[in-house]
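Listed here are the chains, written in short residue letters.
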Amino acid sequence: MDVDTRLLRCFAAVAEEGSLTRAAQRLYVSQPALTKQVRQLESALGVVLFTRSRGGMALTEPGRTLAARVPGLLAGWESALRETRSAASRADRTLRVGFLASAANEATQSIVAEFARRRPHWRAEMRQASWSNPSAGLADSDVDVALVRLPFPGQEALRVVELFSEPRCVALSETHPLAGRETIDFRELWDEPFVAAPPETGPWRAYWLAADERDGHPVRVGAVTEHPDDWLTAIANGYGIALAPESAARFYTRPGVVHRPVTGIGPSRVGVAWAPADDADPVVQDFVDCCRAVCVGT
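Not measured: the values here are computed from a predicted model.

### Some remarks on the overall build of the chain
- From N to C terminus, the chain includes nine helices and 13 strands.
- In terms of principal-axis extent, the alpha carbons of the chain reach across some 65 × 55 × 30 Å.
- In the chain, 73% of the contacts between residues at least 6 apart in sequence involve partners at least 24 apart.
- Per element, the accessible surface of the chain, about 14400 Å² overall, is 51% carbon and sulfur.
- The positive charge centre, built from 33 side chains, and the negative charge centre, built from 37, are 3 Å apart in the chain.

Structure below.
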């Protein structure tokens, strides 16, 4: 019998949290969706894994047996997946580099050039990820290393080196009443509808909505997008405004959209990330060193 590893991850989260609500928050999924996954696993196995009550989710005896085995199963599968994909890229001397939006801004080309100088027979294959994948493919072993915006979900399980930071700005339609201002205080935007990343991105979505910098003021979401083009279109059409790195004014321009400096919020941080299993990988570490050399001069 085959069982999807996704179902095992859901089971493990509920088993560890003892609560569907907390597990759903941890996985960045809805509670009904998580309940469906648990029931699907129970149906596939033909056993009851939890007893449900107002107090939470308690493991049954079969549930405890499975819970003891699942972490090792998942760790083994993740290791096998990463090693298999890594071996494929090593065979043709390709380093898979995930990135979001503008990656490391103008420093990206210099990083790639420095990597080519250090590894003349290797190629850095740049793979752009959507905003619904804020680890840029690293969490799923789709890439070997990633240029990311901090913070992002799952960051604590990876190695991350911050490279630089830059102020955040606001992108708005050129017809917006505040579009003519030179600088805008964030408090003036609290009641505006925002163009947001998908809900499952959790902390990533919250960060770009500045949810922790509103003094408890609720967020209004006017549109949800996953890609820069859709994001710009939603803003130009007046569905909402959006916070963005200052560099967005250089990399993501569109007729009808303007970018203005914002005061009262923290900066955006850019980092390079990799899996702990690649701490000793000389190619991955060469790329990380290139990032440090170009961005922070170390």
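### Some thoughts on the pattern of salt bridges
- Inspection of every chain in the model, using the stated rule, returns 18 salt bridges.
- Residue Glu-106 pairs with Arg-250 through a salt bridge whose shortest N-O separation is 2.7 Å. Of the two residues, Glu-106 sits in the loop between strand E3 (94-100) and helix H5 (107-118) while Arg-250 sits in helix H8 (residues 248-251), which places them 144 residues apart along the sequence.
- With relative accessibility at 46%, the residue Arg-250 sits in the partly exposed group.
- In this structure, Arg-123 engages Glu-125 in a salt bridge whose closest nitrogen and oxygen atoms are separated by 3.5 Å.
- Accessibility expressed as a relative area gives 22% for Glu-125, which makes it partly exposed.
- A cluster of three or more residues bridged by salt bridges with shared partners is formed by Glu-114, Arg-117 and Arg-118.

### Remarks on the packing of helix H2 (residues 20-27) against helix H3 (residues 31-45)
- Between H2 and H3, the shortest axis-to-axis distance is 9 Å and the interhelical angle comes to 105°. Looking at the two axes, H2 sits roughly perpendicular to H3. In contact with Leu-20, Thr-21, Ala-23, Ala-24 and Leu-27 of H2, H3 contributes Gln-31, Leu-34 and Thr-35.
- Considering only residue class, the contact of H2 with H3 consists of five nonpolar, three polar and no charged.

### A few points about the pairing of strand E13 (residues 268-274)
- Buried residues dominate E13, accounting for six of its seven residues.
- The sheet contact formed by strand E5 (residues 145-150) and E13 spans six bridges and is antiparallel. In the sheet register, Arg-149 faces E13, and the bridge partner there is Val-270.

### Focus: a nonpolar patch on the surface
- Together, Val-219, Val-221 and Val-224 make up an exposed nonpolar region whose accessible area comes to about 200 Å².
- On the basis of relative accessible area, Val-219 is assigned to the partly exposed category, the value being 30%.

### A word on unusual backbone geometry
- For the bond running from Leu-150 to Pro-151, omega is -5°, close enough to zero to count as cis.
- Tracing the chain through its elements places Pro-151 in the loop between E5 and strand E6 (159-166).
- The phi angle at Ser-141 is positive, at roughly 65°, despite the residue not being glycine.

### A look at the sheet that holds E6
- Strand order in the open sheet formed by five strands is E4-E3-E5-E13-E6, and the pairing between neighbours is mixed. Either end of the sheet is taken by a strand with one partner, and the two such strands are strand E4 (123-129) and E6. The average angle at which neighbouring strand axes cross in this sheet is 25°, direction not considered.
- Packing against the sheet, H5 makes contact with E3 and E4, and its axis sits at approximately 150° to E4.

### What to know about the nonpolar core
- Core analysis: the largest hydrophobic core is formed by 47 residues, its most contacted members being Val-170, Leu-172, Phe-186, Leu-189, Trp-231 and Leu-243.
- For this core, the secondary-structure elements that each account for two or more residues are E5, strand E7 (168-173), strand E9 (193-196), helix H6 (203-208), helix H7 (228-236), strand E11 (242-245) and strand E12 (257-263).
- Within the second largest apolar cluster, 25 residues are counted, among which are Ala-124, Leu-147, Val-161 and Val-284.

### Brief notes about the packing of aromatic side chains
- Under the defined criterion, the tally for this structure stands at five aromatic pairs.
- When the ring of Trp-131 is compared with that of Trp-231, the centres are 5.6 Å apart and the planes differ by 90°; the resulting orientation is edge-to-face. Of this pair, Trp-131 sits in the loop between E4 and E5 while Trp-231 sits in helix H7, placing them 100 residues apart in sequence.
- Judged by centre distance (6.0 Å) and plane angle (65°), the ring pair of Trp-204 and Trp-208 falls under edge-to-face. One end of the pair, Trp-204, and the other, Trp-208, are both in helix H6, four residues apart, so they sit about a helical turn from each other. Comparing Trp-204 with Trp-208, the two get one shared label, buried.
- In this structure an aromatic cluster arises from ring pairing among Trp-204, Tyr-207 and Trp-208.

So, how was this worked out
Starting from 1, residues in each chain are numbered consecutively following that chain's sequence as written. The model is predicted, so local features are restricted to residues of pLDDT at least 70 and side-chain atom pairs to those at 80 or more, both for listing and for counting; the totals for chains, interfaces and linings are taken over all residues. Processing note: side-chain calculations cover all non-hydrogen atoms of the structure and skip hydrogens and water entirely. Secondary structure counts use DSSP, requiring at least four H or I residues in a row for a helix and at least two E residues in a row for a strand, with both numbered from the N terminus. Should any heavy atoms of two residues lie within 4.5 Å, those residues are counted as being in contact. Each accessible area value is a Shrake-Rupley result obtained with a 1.4 Å probe; residue values ignore everything except the protein chains displayed when judging cover. This count recognises Lys and Arg as positive and Asp and Glu as negative, with His and chain-terminal groups excluded. Throughout, a charge is located at the NZ atom of Lys, the CZ atom of Arg, the CG atom of Asp or the CD atom of Glu. Just to be clear on terms, a salt bridge is a Lys or Arg side-chain nitrogen sitting within 4 Å of an Asp or Glu carboxyl oxygen. When a residue's accessible area, from a 1.4 Å probe over protein chains only, is under 20% of the maximum for its type it is buried; when over 50% it is exposed; and in between it is partly exposed. For helices, the fitted axis covers only the stretch in contact; all axes are lines through C-alpha atoms, and the angles between them, taken along N-to-C directions, range from 0 to 180 degrees. Small angles under 35 degrees read as roughly parallel and large ones over 145 as roughly antiparallel, with 65 to 115 read as roughly perpendicular and the rest as oblique. Only Asp, Glu, Lys and Arg are considered charged in this grouping, and only Ala, Val, Leu, Ile, Met, Phe, Trp, Tyr, Cys and Pro are considered nonpolar; every other residue, Gly among them, is considered polar. When DSSP finds two or more bridges between a pair of strands, those strands are recorded as paired. Note that patches include only residues with greater than 30% relative accessible area and no salt bridge, and the join distances are 9 Å for like charges and 5 Å for nonpolar side chains (Val, Leu, Ile, Met, Phe, Trp, Tyr). The definition of a nonpolar core used throughout is a set of buried Ala, Val, Leu, Ile, Met, Phe, Trp, Tyr and Cys residues joined through side-chain atoms within 4.5 Å. Between the rings of Phe, Tyr and Trp (Trp by its six-membered ring), a pair exists once the centres lie within 6.5 Å; its type follows the angle of the planes, with under 30 degrees stacked, over 60 edge-to-face, and the other angles tilted.

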